[in-house]
Amino acid sequence: MSSSIRIAVSDPLPMFGRGIADVMRDTGHDVEFPGDLFTWNGYAGPRLISLTLLYPSDWALLAALRDSRPRTAVVAVIENGDVDRCVRALTSGAVGGAEADAGTVRSVLSAAASGRSILPADMVRALTSLSRSPQAGHVPTEIEISWIRLLAQGFTVARLAAHAGYSERMMFRVLPAIYERWGVANRTEATIHARGNGWI
């Protein structure tokens, strides 16, 4: 691991940000809290950013950082390690995604500092599913899209079934048929597919 990599921490919770900084300083890296990430990112030398993604503006910042200096490694810190959000971060330019816990963040940042990436198996499955093909000629219906949107918003299958006027058992039959038509394996992949196509 190279000690010449400079790390910037951007987190709305100062205590958590300081925790990340302490953990990474223990590994021999210089850690900073720049007020302007774009200016900081413009300086010469290898750069690594730990960016917590909580608000829409954080997602816009991730995209802008990727566009301004693509070789800077950005690790997305995601509350609860939500797979959909981690995959979204990776497809938006992050080189790693980590649940907001110091040990995980340390592992993912250390890997990124060494030019590697650590990804949980669920995240790898979701990323690889993006290349599956939907059934030939299938155009998702508004109902299919609305159901996936509700699942992405946190609806349980039981709540979705009640909302749609189906029994829970029937909804457990209907959803896999939708996933098959879309060329995905599960709810997470369906959400990623829908987001990638701009449907939700």
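Our subject is the structure that appears above.
Residues numbered from 1 in each chain as written. Predicted model: local features only at pLDDT ≥ 70, side-chain atom pairs only at ≥ 80, totals over all residues. Heavy atoms only, no water.

A. Molecular detail of the nonpolar core. Ranked by internal contacts, the top residues of the largest apolar core, which has 21 residues, are Ile 49, Leu 51, Leu 53, Leu 62, Ile 78 and Ala 89. Contributing elements (two or more residues each) for this core: α2 (37-42), β3 (47-52), α3 (56-68), β4 (73-78), α4 (83-91) and α6 (121-129). Filtering out sequence-adjacent residues up to four positions away, Leu 53 remains in contact with Asp 58, Trp 59, Leu 62, Ala 76, Val 77, Ile 78, Arg 85 and Ala 89. (Core = buried A, V, L, I, M, F, W, Y, C linked by side-chain atoms within 4.5 Å. Buried < 20%, exposed > 50% of the residue type's maximum accessible area, 1.4 Å probe, protein only. Helix = DSSP H or I, 4+ residues; strand = E, 2+ residues; numbered from the N terminus. Contact = heavy atoms within 4.5 Å.)

B. Here's a closer look at the pairing of strand β1 (residues 6-10). Where β1 lies against strand β2 (residues 30-32), three bridges are found, and the strand directions are parallel. Among the inter-strand pairings, Arg 6 is bridged to a residue of β2, identified as Asp 30. Regarding the hand of the β-α-β motif, the stretch spanning β1, helix α1 (residues 14-25) and β2 is right-handed. Sheet topology note: the β1/β3 ladder contains five bridges and is parallel. By the bridge assignment, Arg 6 is partnered in β3 with Arg 47. (Pairing = 2+ DSSP bridges. Right-handed = clockwise from strand over helix to strand, strands pointing away.)

C. Inspection of helix α5 (residues 102-113) at higher detail. Relative to the 16 Å expected for twelve residues at 1.5 Å per residue, α5 spans 16 Å between its end C-alpha atoms, a close match to the ideal helical length. When α5 is considered as a whole, its buried residues turn out to be Val 105, Val 108, Leu 109, Ser 110, Ala 111, Ala 112 and Ala 113. Phi turns positive one or two residues past the end of α5, at Gly 115, with a value near 80°. (Expected span 1.5 Å × (residues − 1).)

D. Quick look at the sheet that holds β3. Reading across from one edge, β2-β1-β3-β4-β5 is the order of the five strands in this open sheet, with parallel pairing throughout. In the strand order of this sheet, the two ends are held by β2 and β5 (96-99), each with one partner. Strand after strand, the sheet turns through a mean of 25° between neighbouring axes, direction not considered. Contacts from α4 reach β4 and β5 within the one sheet, and its direction differs from that of β4 by about 165°. (Axes fitted to C-alpha atoms, helices over the stretch in contact; angles between N-to-C directions.)

E. Structural view of the pairing of β3. Of all the six residues making up β3, six are buried; the element is thus mostly covered by neighbouring parts of the structure. Of the two faces of β3, the one holding Arg 47, Ile 49 and Leu 51 and the one holding Leu 48, Ser 50 and Thr 52 are both buried throughout. As judged from the five bridges shared by β3 and β4, these two strands associate in the parallel manner. Within the sheet, the bridge partner assigned to Leu 51 lies in β4 and is Ala 76.

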